[in-house]
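Overview (structure and organization)
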Amino acid sequence: MPRPEKVEKVKELAARFRSASGVVLTEFRGLTVKDATELRRTLREAGASLEVVKNTLARLAVGKAGVDGLARFLEGPTALAFLEGDPVAGAKTLLEATRRFPAVTVKGAVIEGTVLDGEGARALATLDPKEVSLARVAGALQAPVSRLAFLLRAPLQRLAYALAERGRQAA
């Protein structure tokens, strides 16, 4: 029979899986306490949190949260990085931290419901933040409209200049 603390922990983890915009699973063998503290501080600044959880509890929480395919990454020592807000920014911060702390390796991730393996999770570091991507799309959509407005305005300006010059010559 499961203990009440563990049942409560599974409920809490399942809720965090559902509410987080992304979760990155990492292995942290060989990470010193000092490095772990610095890693947690770095992630907190990016709107993410790192939590070490027993794999059995994490598997139960993954099942309750309905995140299929994530349980296969729950082998060996696992830390879960819960990403809030923009998942790409949080994932980039974590992946940059793996360069500083080689003991941390990325096993996999779930970003907005999509399960990624280790390579897919590392590919997040190459993506632009959401705001930058939206700005690029807006710019691409705005460019043809601006060009059309310029082209339509040009003949009218030439006609106005010609009429103004004609008026000066007549006077």
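Being a predicted model, the structure only gives us computed values, none of them experimental.

Observations concerning the environment of L74
Note on placement: L74 falls in the loop between α3 (55-65) and β3 (79-83). Each C-alpha atom of the pair L74 and A48 lies 20 Å from the other, and the pair is 26 residues apart in sequence. Apart from the residues lying within four places of it in its own chain, the contact partners of L74 are L25, N55, A58, R59 and V62.

Quick look at the nonpolar core
V24 and L39 are the most contacted members of the largest nonpolar core, which totals 21 residues. Looking at this core, the elements that each hand over two or more residues are α2 (33-45), β2 (48-52), β3, α4 (87-100) and β4 (105-111). Top contributing element to this core by residue count: α4, with four residues. In this structure, L39 is in contact with L31, L50, L94, A97, F101 and V104, ignoring residues within four places of it in sequence. Core analysis: the next-biggest nonpolar cluster, separate from the first, contains 20 residues, A20, V62, V67 and L74 among them.

Describing the pairing of β4
Burial analysis of β4 places six of its seven residues in the buried class, which makes it a mostly covered element. Bridge analysis of strand β1 (residues 22-27) against β4 gives six bridges, and the strand direction is antiparallel. Paired with T26 across the bridge in β4 is V106. Where β4 and strand β5 (residues 114-117) come together, four bridges link them in antiparallel fashion. Its bridge partner being in β5, I111 is matched across the sheet by T114. Hairpin connection from β4 to β5: two residues lie between these consecutive antiparallel strands, with E112 at a positive phi of about 45°.

Things to note about helix α1 (residues 4-19)
Taking 1.5 Å of rise per residue, the 16 residues of α1 would be expected to cover 22 Å, and the 23 Å separating its terminal C-alpha atoms lies within 8% of that figure. Here α1 has its buried residues at V10, L13, A14 and F17. The arc enclosing the buried residues of α1, seen along the axis, measures out at 100°, which places them on a common side. Residues P4, E5 and S19 are exposed on α1 and point more than 90 degrees away from its buried face. Where α1 is buried, its residues contact β1, β2, α3 and β3.

About the criteria used
- Residues numbered from 1 in each chain as written.
- Predicted model: local features only at pLDDT ≥ 70, side-chain atom pairs only at ≥ 80, totals over all residues.
- Heavy atoms only, no water.
- Helix = DSSP H or I, 4+ residues; strand = E, 2+ residues; numbered from the N terminus.
- Contact = heavy atoms within 4.5 Å.
- Core = buried A, V, L, I, M, F, W, Y, C linked by side-chain atoms within 4.5 Å.
- Buried < 20%, exposed > 50% of the residue type's maximum accessible area, 1.4 Å probe, protein only.
- Pairing = 2+ DSSP bridges.
- Expected span 1.5 Å × (residues − 1).
- Arc of directions from axis to C-beta.

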